[in-house]
Amino acid sequence: MNIENIKVDYSTKIPNNVGLTEDRRVLKALESWHPGYINWWNDMGPEGFQESLVYLRTAYSVDPRGWAKFDYVKMPDYRWGVLLAPQEENRVVPFGHHFGEPAWQDVPGEHRAMLRRLIVIQGDTEPASVEQQRHLGKTAPSLYDMRNLFQVNVEEGRHLWAMVYLLQKYFGRDGREEADGLLRRRSGSDDAPRMLGAFNEATPDWLSFFMFTYFTDRDGKMQLHSLAQSGFDPLSRTCRFMLTEEAHHMFVGETGVGRVIQRTCDAMREAGIEDPNDIAKVRALGVIDLPTIQKKLNLHYTLSLDLFGSEVSTNAANAFNAGIKGRYHETQIQDDHKLENDTYPVLKLVNGEIKRVDEPALTALNMRLRDDYTQDCVKGMLRWNKIIGLAGYDYKLTLPNVAFHRQIGEFKSIHATPDGVLIDDATWGKRKGDWLPSTEDGDFIASLMTPVSEIGKFASWIAPPKVGIDNKPGDFEYVKIES
Ligand code: BYC
């Protein structure tokens with residue numbers, strides 16, 4: 001590990017550990033991008049609360065033993081910095097045609113377009129998620145949750161900076177144009193939407209936010225892990241540091257959904273409700289019934305599956321061969337890291353049936369990453385089910401079949417039930433509302449979204465967390481709204 005890279009320079013406007021003071025060209029480019037970013041943050045970042053003091057963590061080092069400091073900050077004053085994980089000495093390209101060659105410190109000319117595209121797609125998701133969540137501060141169920149939302153938002157902002165740095169430093173004029181484009185597109189816009197489907201969907205309520213941070217941020221984790229393997233070392237180092245921050249986002253999602261489930265189970269028990277499917281009775285208690293939680297899960301899991309691209313993809317094969325995007329935990333996999341003669345089982349539609357078919361492992365890389373993702377999703381779901389089981393209810397949340405509700409890939413043109421049974425359009429039309437949130441479900445959840453801003457208090461539909469952020473006590477004022 002190169003110790004020099006651990007220290008972050010706070011003397012420039014843009015905190016960084018990439019030597020910006022000596023790199024005047026890039027510093028200038030970033031400084032001229034900065035006002036546009038602040039305008040974007042003011043227009044599209046959290047609505048309201050920009051003058052509030054929020055107890056946020058800021059990255060001040062990239063040393064894994066201690067990299068963040070907590071303090072009250074007004075969001076527009078957050079120090080969005082450019083931080084790369086320390087450079088590993090003698091790192092080599094860990095997969096593909098260039099396997100074993102020294103990792104690149106500059107963009108290899110032949111792979112420039114592909115690298116730029118992947119960096120732009122990654123960058124595009126970061127501001128998109130902030131835009132999707134911008135209305136949520138107004139209905140936060142507690143100051144604790146409000147702070148977590150804002151923490152996630154400022155860090156997604158920093159992740160945008162991370163990608164913009166790579167574009168400005170390594171891609172010259174087209175990099176600058178792409179960096180501007182990242183501030184121009186808008187989530188859900190008709191004229192200039194964000195690039196990937198899930199990032200143009202609404203995040204209408206807090207249960208959606210928790211599902212998003214559980215399922216969609218976890219796609220982020222998988223994609224960042226694959227890019228962290230990249231032979232292009234600056235991208236690898238950038239993604240490795242982003243992953244340190246990303247863990248908290250998924251924690252917010254997992255514990256958020258868990259606390260909703262906990263509160264629902266507690267309320268059902270107190271009221272003596274035995275059947276968790278008795279939706280009307282459960283809703284009358286002012287909590288979200290488990291079947292509706294399952295529907296939200298179905299929606300966010302499947303939107304996130306779409307983010308992996310097609311099961312069989314030559315783009316993915318090309319990126320792997322080029323040494324640009326690897327597999328999850330590439331360096332820990334025991335094989336030749338070239339995959340030239342290997343196969344991987346892919347779920348496909350064959351004569352109207354869902355079947356596993358062996359495909360060349362190289363073109364099946366999206367499917368493989370998606371499988372790794374699904375395994376990762378299951379872990380938290382088991383913990384949610386444990387909460388339900390401990391409360392004495394015979395109800396299990398499940399992940400729907402991958403053929404259900406898909407807009408990308410092998411199953412985009414058919415309909416299937418969450419159990420993976422193929423159905424016709426008419427049946428889908430009739431049953432859709434049983435599996436995905438209906439307008440009525442949305443209205444019910446919306447009716448619960450009344451803000452709670454009293455210190456240490458929580459909305460009726462969510463349990464308090466087990467521990468506070470930064471070990472703060474239950475009555476800690478995470479956001480000083482009027483400052
Ligand atoms: N929506 O070969 P194909 C995160 C396009 S989340 C729209 O199937 P490929 C975060 C594709 O662009 C992680 N279009 O797919 C989370 C291509 O178009 P072109 C974000 C789609 O390229 C929460 C065509 O279809 N990072 O960080 O192998 C909060 C055929 O493509 C979609 C990344 O995704 C879609 N869903 O894989 C904040 C990493 N899927 O080029 C942040 C970078 C495919 O033929 N991106 N298409 O016109 C990639 O690795 C890949 O581009 C993809 C697609 C995984 C997205």
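Residues numbered from 1 in each chain as written. Predicted model: local features only at pLDDT ≥ 70, side-chain atom pairs only at ≥ 80, totals over all residues. Heavy atoms only, no water.

(A) A look at the site of the ligand. Around the ligand, a shell composed of 29 residues is seen, among which R117, Q122, S310, S313 and K325 lie nearest. Here Q122 contributes a side-chain N or O atom positioned 2.6 Å from a nitrogen atom of the ligand. Protein contact buries 79% of the 1100 Å² of open area that the ligand shows by itself. Applying the majority rule of atoms within 2 Å of the grid points places the ligand in the largest pocket. (Near = heavy atom within 4 Å. Polar contact = N/O pair within 3.5 Å; in protein donor to acceptor, adjacent residues only side chain to side chain. Areas by Shrake-Rupley, 256 points an atom, 1.4 Å probe, with all protein chains shown as cover. 1 Å grid on protein atoms, 1.4 Å probe; cavity = no way out; pocket = protein on both sides within 12 Å on 5 of 7 lines; lining within 4 Å. Sits in = over half its atoms within 2 Å of the grid points.)

(B) Here's a closer look at the packing of helix α2 (residues 112-132) against helix α4 (residues 172-184). The interhelical angle for the contact between α2 and α4, taken along N-to-C directions, is 20°, at an axis separation of 10 Å. Classified by the angle their axes make, α2 and α4 are roughly parallel. Crossing geometry of α2 relative to α4 is assigned as right-handed. The segment α2 lies against α4, with R112, R116, V120, G123, D124 and P127 engaging G172, D174, E178 and L182. Of the residues assigned to the contact of α2 with α4, the class counts are three nonpolar, two polar and five charged. (Axes fitted to C-alpha atoms, helices over the stretch in contact; angles between N-to-C directions. Helix = DSSP H or I, 4+ residues; strand = E, 2+ residues; numbered from the N terminus. Parallel < 35°, antiparallel > 145°, perpendicular 65-115°, else oblique. Left-handed = near helix turned anticlockwise from the far one by under 90°. Contact = heavy atoms within 4.5 Å. Nonpolar A, V, L, I, M, F, W, Y, C, P; charged D, E, K, R; others polar.)

(C) Structural context of helix α8 (residues 290-305). In this model, α8 (16 residues) spans 22 Å end to end at C-alpha, consistent with the 22 Å of a helix rising 1.5 Å per residue. Burial analysis of α8 places 15 of its 16 residues in the buried class, the great majority of the element. (Expected span 1.5 Å × (residues − 1). Buried < 20%, exposed > 50% of the residue type's maximum accessible area, 1.4 Å probe, protein only.)

(D) Region of interest: the pairing of strand β4 (residues 353-360). Relative to β4, strand β3 (residues 343-350) is paired through eight bridges, and the arrangement is antiparallel. Within the sheet, the bridge partner assigned to Y344 lies in β4 and is E359. Remark: two residues form the turn of the hairpin made by β3 and β4, two consecutive strands paired antiparallel; N351 in that turn has positive phi of roughly 45°. (Pairing = 2+ DSSP bridges.)

(E) Just empty space enclosed by the protein, in detail. A full pass over the atoms with the stated rule returns one cavity of 30 Å³ or more. Mapped by element, the contributors of at least two residues to the lining of the largest cavity are α5 (206-228) and α8. Residue classes in the lining of the largest cavity are distributed as four nonpolar, five polar and one charged. (Points joined across faces, edges and corners; volume = space filled by probe spheres on them.)

(F) The arrangement of the pattern of salt bridges in detail. For the structure on display, the rule yields 30 salt bridges. Between E88 and R240 there is a salt bridge, and its shortest N-O distance comes to 3.4 Å. Here the residue E88 occupies a position in the loop between β2 (68-74) and α2, and R240 occupies one in helix α6 (residues 233-270), the gap between them amounting to 152 residues. Among the residues examined, E88 registers a relative accessible area of 41% and is labelled partly exposed. (Salt bridge = Lys/Arg side-chain N within 4 Å of Asp/Glu carboxyl O.)

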